[in-house]
Structure formats: structure tokens, C-alpha cells
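Okay, here's what each chain looks like letter by letter:
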Amino acid sequence: MVSNPVHGLPFLPGTSFKDSTKTAFHRSQTLGYRNGYAIVRRPTVGIGGDRLQFNQLSQAELDELASKAPVLTYGQPKQAPPADFIPAHVAFDKKVLKFDAYFQEDVPMSTEEQYRIRQVNIYYYLEDDSMSVIEPVVENSGIPQGKLIKRQRLAKNDRGDHYHWKDLNRGINITIYGKTFRVVDCDQFTQVFLESQGIELNPPEKMALDPYTELRKQPLRKYVTPSDFDQLKQFLTFDKQVLRFYAIWDDTDSMYGECRTYIIHYYLMDDTVEIREVHERNDGRDPFPLLMNRQRMPKVLVENAKNFPQCVLEISDQEVLEWYTAKDFIVGKSLTVLGRTFFIYDCDPFTRRYYKEKFGITDLPRIDVNKQEPPPVKQELPPYNGFGLVEDSAQNCFALIPKAPKKDVIKMLVNDNKVLRYLAALESPIPEDKDRRFVFSYFLATDMISIFEPPVRNSGIIGGKYLGRTKVVKPYSTVDNPIYYGPSDFFIGAVIEVFGHRFIILDTDEYVLKYMESNAAQYSPEALASVQKHVRKLEAPASESESKQTEKDPGVQELEALIDTIQKQLKDHSCKDDIREAFQIYDKEASGYVDRDMFFKICESLNVPVDDSLVKEVTCKRLLLPAFTFPNPVWIPLCGL
């Protein structure tokens, strides 16, 4: 019979009682894990934590198990296979021990420091027992830093032994190439590795600091006597409040000077002044933004400070009696800064409000500083010297390299090769000049006049070109505003004055008559009347003209007969128009004459068949007759086919 373990009573109905004090009724855990594997454990307690008796070993069983040898039952245990060999460069790849150290360096050439502390990092590479020493780079230190000792195996004594990781620890000195390094600390990986290898690490030490570097980090000592003025209050009150003034610097009195505009900024927070230059587009100046950097401006200096070398040292408060303040900047007043006198002519709206509230100044109008440009100076030409045309001489005053005056191209194209010819006599008291005749040629394209005097045999006067192509000024016109002769001034009976010589127009050719008829609006009634009178004379009775024809000199009649013969030979030629143009080109002065050689040259170039005997006979008879019997040139009737 099983007894009740609690009450000592048999476990029978009516003899077992429920423990009222029991509160836990959970089962014990029989599943566990060991080294990652699930195992089943035999329970030692029951429900509610009561100890189980049937799973417990007795003392006799325990003694038997203690004296029992497993070898007798199971035999000798099998040897575990040896572990695989792993080389050091694989096992310790990328495993580096890091130590923090420093060394002391003497500084013999400095008065501010006697020695220098240089902090380094010592790296020990486990894969090949090599070491390297690297100094962190400090900006602007002036010392060659970086890798002090490259990676290599380092000897620790004279026998050739090398440093091993077992020789390294915190709080020791190691000597490498004559320099003694003090190891003060290491990183976490190094500490764990050395402790795992059974090395007892020394406590870490504090890194030594460079005394000169620490001295530089300290703020500079200032010997300033505190004043009653609260600068902090001024800074907090007037922060970002700036007075803006618009000023000019007038430097026109100096050579190459000009009037330039500037902007003056006055900062209320610290009473500093800044002057900025105003640049305009294409002003030809370098784009420097500031004329004067932001600084305090002295107004009154101490007498001894005037000779102070300001170019070497800055002006301190001891050399200044008074500084520029906001009340010194007034619109309409001048201000001398850095040797330049600035005139303030305007300010911005904030500045006007500040002066109204602070100083009670309400009237700050803008001042007009724009200079009125003087009226343009009328360009006066120098007096005409008489050489060349007035227009050509005036071009020297308009440009350094004169250009030819502009021509009326349309007029030149329309009136090209159009020439008006007139027969004129010289008005002179000299008897020898009364019988002289001149041929005026007026070129409609350029309004120029040329004069040719036909040579007269045994007259004692050499004929030929009397005046080259040029414009002729009327006698009553001024030098500044010359008036030239035009086609309307040439008519029968008109008096033309050419450079002091007076000529009277006696006759014209048929082209002039046709031109006057087609352009009658250009001529005066007097000119038209003279033409009509001349036409009536030409329309005299035919009988009278025939009688005069019979009374002609036999030599003249023979010459006209020869000319008619030559015209008949050329009338049916195909290049009749080309002959006319060729003679006009070679007769540059429009005199109506070409020499004998030129005549044959023109005919030969155009393949014109001309009888040489007829031309010789015309030439001989022309030389034997007086000049007044041939008012028109000889070759004109030859070419007027």
C-alpha cells in the first residue's frame, strides 16, 4: 500500500486530502537544448513542483555508478581526428593590432618651444609579424607627416631579433630606429586578442599633448578697459540695419578724369563704412565690387598721427580723436574719404525714416547731379586754299584718312557719255584774243567743264587743252557755299566766267538743241529765246544758203566731197556704233580731234576698210585751209554715220 507522502496516511479513498496551500499546478519541462541540439530530460518533479521518488537513484545505485569503469563496458575510446592545418597568413588575414603612441622631438631653433610631442599610430600585422608607424596628418602643421616607417619587420635589439606581438603592451617604451615611442593605449580588437592569448594588459595612459599646440588654442589675451557703451546692445538693436547713400566722385578736373557714381553703406551695428562702385554695361572698367572694404573711418586724427606711417601699420583708437558717425552723412554735403571727395546726392527710404526718427531731419530731397551737355560745337571748315574742288578739300577735315566725296551714281548712269558742246569766244581787250575760239564741253554725268582751243596755223598761239575737266564756280558764290555752273547757264549769248576769264557763247551743236527742247523746264526764258533766235537763223531761205554754198571756197568744197566719199564707204559697215564709241573713248578731252596714227589704229582694231589715199588727201587739205571754215571737228562727220 502506498502511503500518502504528505499526511502519512494510506492513499485510499477517504484518506487523501487536498493541500489548500498549494497554488502551482504546472508540469515540469522535459525538453532542453545542449550545444544547439534538442534532448529529452527525465522529470525530477511532478505537477506543482512536488519531488518525484521513482526517478531518483538510491545511494547504492550511485555508488555502483561511481565505481563502474566505462572502458570495461564500451572498450577504448576512439581518438578524434586532428584539426586541419591553417597557415598564419590565412588565419590572421586582415587582422591588425593598433596601438596609440607618441614620441618627443627636440626643437633647438625656436624661442617659443623647446620640444614637440608628435602622436603616432603603431600597426602590427599578425599575418607576417610586420609593423608600420603612421602619424596622422595635421593641416597647416608645416611638418612632413603621414607614414613615418613603412610596413616591415622591425628589429628590437642588436642580435637581430624582431618585435613580436607578445612584446607589445600598454604603458611601455619601444625603440625603433633610434626613436623611443611611448605606447599609451590600444583599440578594442587588440585588447581582446591579447587577453585571449593570456597576456595581462597594463592600464591605459593619457595621451601626452604638445604644449605649443595647446598654447595656440588658447584665446589671445586682450587688455581692453571696459567702457560704459554697451556694444552688445548696439549689435542686437541695429543688426542688419544699413544706411544707404548715393554719391558721386567728380574727377573731371584732372587729366582723363570723369564723374563716377558710388554707393556708401553705413552699418549701424558697428559704425563701419563700405563704399561700393557702380558699374555700367560696357563701361570699360574691371568689375571690382568694392572701392573700400568695410571698416571704421577716422574723421579727426591726433596731431602726431598725421606723420605716422599709415602704409605700414593700421590706425588704432589711440591715433583717432573722432570717428565718422551717422550724423556726418547728410544728403547735399560732401565727404572726404581716402583722399577723395564724395558728394552725397540721394539716399534710400529707410535712411530717410532713420534720420527723421533719430535726428529730426525731414527734408532730404534728391539732388540732380546730371550735368547738362553743352550744345554741340558747329564744325567750321578752314578757308578754301584754291587747290582742287571744295568737296575734296573738305574731306580732309572729316576723317584722318580722307575718302572721295560720294557721287550721284544714278545721275552718272543716266547721263553717261552725254556731253553738251558750245562754241565760245574770249572777251578780252587784247586784239590778238578777239579771233580765238574755244569749244566748251559740259559733261552731264559729273557737271564738269573742259575747254579746248582748236589750233590755228600761223596764229602765234599754241592750241589744244585750255582747261581740264573740273567744276567751275560762279563768280558771285562764296567759298563756303560754292555754286557751280549748270546746263541752264549755257545758252547763246551767255557770259561764262572761268577763273577770271570771260567767255561768250556763240554757237552750239545739234545735240544741245535737242537736249534743251527735251528739258525746257531747266532753262530760263532768256535761254530759250536765244535758242529760238539761233534756229530762225538756221532756217534762212534755202536760196540764200545755196548761193552761199556756191560762193564757198573751192578748197572747202573739195574737202567736203572727200568727207562724203569716206562716209559712203563707212555707212554700210556693221560696226558703225562701235566706231562712234571708240572715237569718243580716245578723245578724252572731247575736242573733236585725234591724230593720224590714232585714226588708223582705231580703224585697224575694228577691221574698218579705209582708203589710205583719201585720208591723206583729207589731212593735207585740212592743213591748208583756215581754221574758221571748220567750226566742227574733222572726225565728227566721219563718225556721224
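Residues numbered from 1 in each chain as written. Predicted model: local features only at pLDDT ≥ 70, side-chain atom pairs only at ≥ 80, totals over all residues. Heavy atoms only, no water.

(A) Up close: helix 8 (residues 390-398). Every buried residue of helix 8 is accounted for by Val390, Ala394 and Gln395. Projection of helix 8 onto a plane perpendicular to its axis shows the buried side chains occupying an angular sector of 145°, all on one side. (Buried < 20%, exposed > 50% of the residue type's maximum accessible area, 1.4 Å probe, protein only. Helix = DSSP H or I, 4+ residues; strand = E, 2+ residues; numbered from the N terminus. Arc of directions from axis to C-beta.)

(B) Examining the nonpolar core more closely. Of all hydrophobic cores here, the largest spans 27 residues; its most connected members are Phe440 and Phe490. The set of elements that each furnish at least two residues to this core consists of strand 17 (419-427), strand 18 (437-443), strand 19 (448-453), strand 21 (495-498), strand 22 (501-508), helix 10 (510-518) and helix 11 (525-538). Once residues within four sequence positions are removed from consideration, phenylalanine 490 is found in contact with Tyr422, Phe440, Tyr442, Ile449, Tyr485, Ile496, Ile505 and Tyr523. Core analysis: the second largest hydrophobic core is formed by 25 residues, Phe245, Tyr266, Val337 and Leu364 among them. (Core = buried A, V, L, I, M, F, W, Y, C linked by side-chain atoms within 4.5 Å. Contact = heavy atoms within 4.5 Å.)

(C) Seen up close, the sheet that holds strand 15 (residues 334-337). Reading across the sheet, the six strands line up as 12-11-10-9-16-15 and stay open at both edges, with antiparallel pairing between neighbours. Two strands in the sheet have a free side with no partner beyond their single neighbour: strand 12 (290-295) and strand 15. Taken over all neighbouring pairs, the strand axes of this sheet differ in orientation by 35° on average, direction set aside. Where strand 11 (residues 272-277) lies against strand 12, three bridges are found, and the strand directions are antiparallel. Bridged to isoleucine 275 within strand 12 is methionine 292. Strand contacts of helix 7 (residues 349-358): strand 9 (242-250) and strand 16 (340-347), with the helix running at about 110° to strand 9, the strand carrying the most contacts. (Pairing = 2+ DSSP bridges. Axes fitted to C-alpha atoms, helices over the stretch in contact; angles between N-to-C directions.)

(D) Representation of the pattern of salt bridges within the structure. Under the defined criterion, the tally for this structure stands at 25 salt bridges. A salt bridge links arginine 116 to glutamate 113; its shortest N-O distance comes to 3.1 Å. What makes glutamate 113 buried here is its relative accessible area of 10%. The closest approach of N and O atoms between glutamate 427 and arginine 502, which form a salt bridge, is 2.6 Å. Of this pair, glutamate 427 sits in strand 17 while arginine 502 is found in strand 22, placing the two residues 75 residues apart along the sequence. (Salt bridge = Lys/Arg side-chain N within 4 Å of Asp/Glu carboxyl O.)

(E) Unusual backbone geometry, seen in detail. With phi around 60°, asparagine 140 is a residue other than glycine that occupies positive phi space. If you trace the backbone, asparagine 140 turns up in the loop between strand 5 (130-135) and strand 6 (146-152). At leucine 338, a residue that is not glycine, the phi angle is positive and equals roughly 55°. On the secondary structure map, leucine 338 appears in the loop between strand 15 and strand 16. For leucine 338, a relative accessible area of 60% puts it in the exposed group.

(F) The packing of aromatic side chains, seen in detail. One pass over the structure, following the stated rule, counts 20 aromatic pairs. Measuring from ring centre to ring centre gives 6.1 Å for tyrosine 324 and phenylalanine 329, while their planes differ by 55°; the resulting arrangement is tilted. For phenylalanine 329, a relative accessible area of 2% puts it in the buried group. One aromatic cluster is present, built from ring pairs that chain together Tyr422, Phe438, Phe440, Tyr442, Tyr466, Tyr485, Phe490 and Phe503. (Phe/Tyr/Trp six-rings, centres within 6.5 Å; stacked < 30°, edge-to-face > 60°.)

(G) Molecular detail of the side chain of glutamate 277. Along the chain, glutamate 277 turns up in strand 11. Contact partners of glutamate 277, with chain neighbours within four places excluded, come to Arg260, Thr261, Tyr262, Arg285, Phe288 and Pro289.

(H) Structural view of the sheet that holds strand 3 (residues 96-106). Overall, antiparallel pairing links the six strands, which are arranged 6-5-4-3-8-7 in an open sheet. Because the sheet does not close on itself, it has two edges, and the strands there are strand 6 and strand 7 (172-176). Shown here is a sheet whose adjacent strand axes are inclined to one another by a mean of 30°, direction ignored. Bridge count between strand 3 and strand 4 (residues 115-125): 11 bridges; the pairing is antiparallel.

(I) Structural view of the side chain of asparagine 415. In this fold, asparagine 415 is placed in the loop between helix 9 (409-414) and strand 17. Excluding its chain neighbours within four sequence positions, the residues that come into contact with asparagine 415 are Leu444 and Ala445.

(J) Broad picture of the pairing of strand 9. Pairing analysis gives nine bridges linking strand 9 to strand 10 (residues 259-267), with the strands arranged antiparallel. Directly across from tyrosine 246, in strand 10, lies its bridge partner isoleucine 263. By the bridge criterion, four bridges tie strand 9 to strand 16 in an arrangement that is antiparallel. Directly across from tyrosine 246, in strand 16, lies its bridge partner aspartate 346.

(K) Spotlight on the pairing of strand 2 (residues 37-40). Of the strand pairs in this sheet, strand 1 (residues 31-34) and strand 2 are connected by four bridges, and their pairing is antiparallel. Opposite tyrosine 33, over in strand 2, you have alanine 38 as the bridge partner. Hairpin connection from strand 1 to strand 2: two residues lie between these consecutive antiparallel strands, with asparagine 35 at a positive phi of about 60°.

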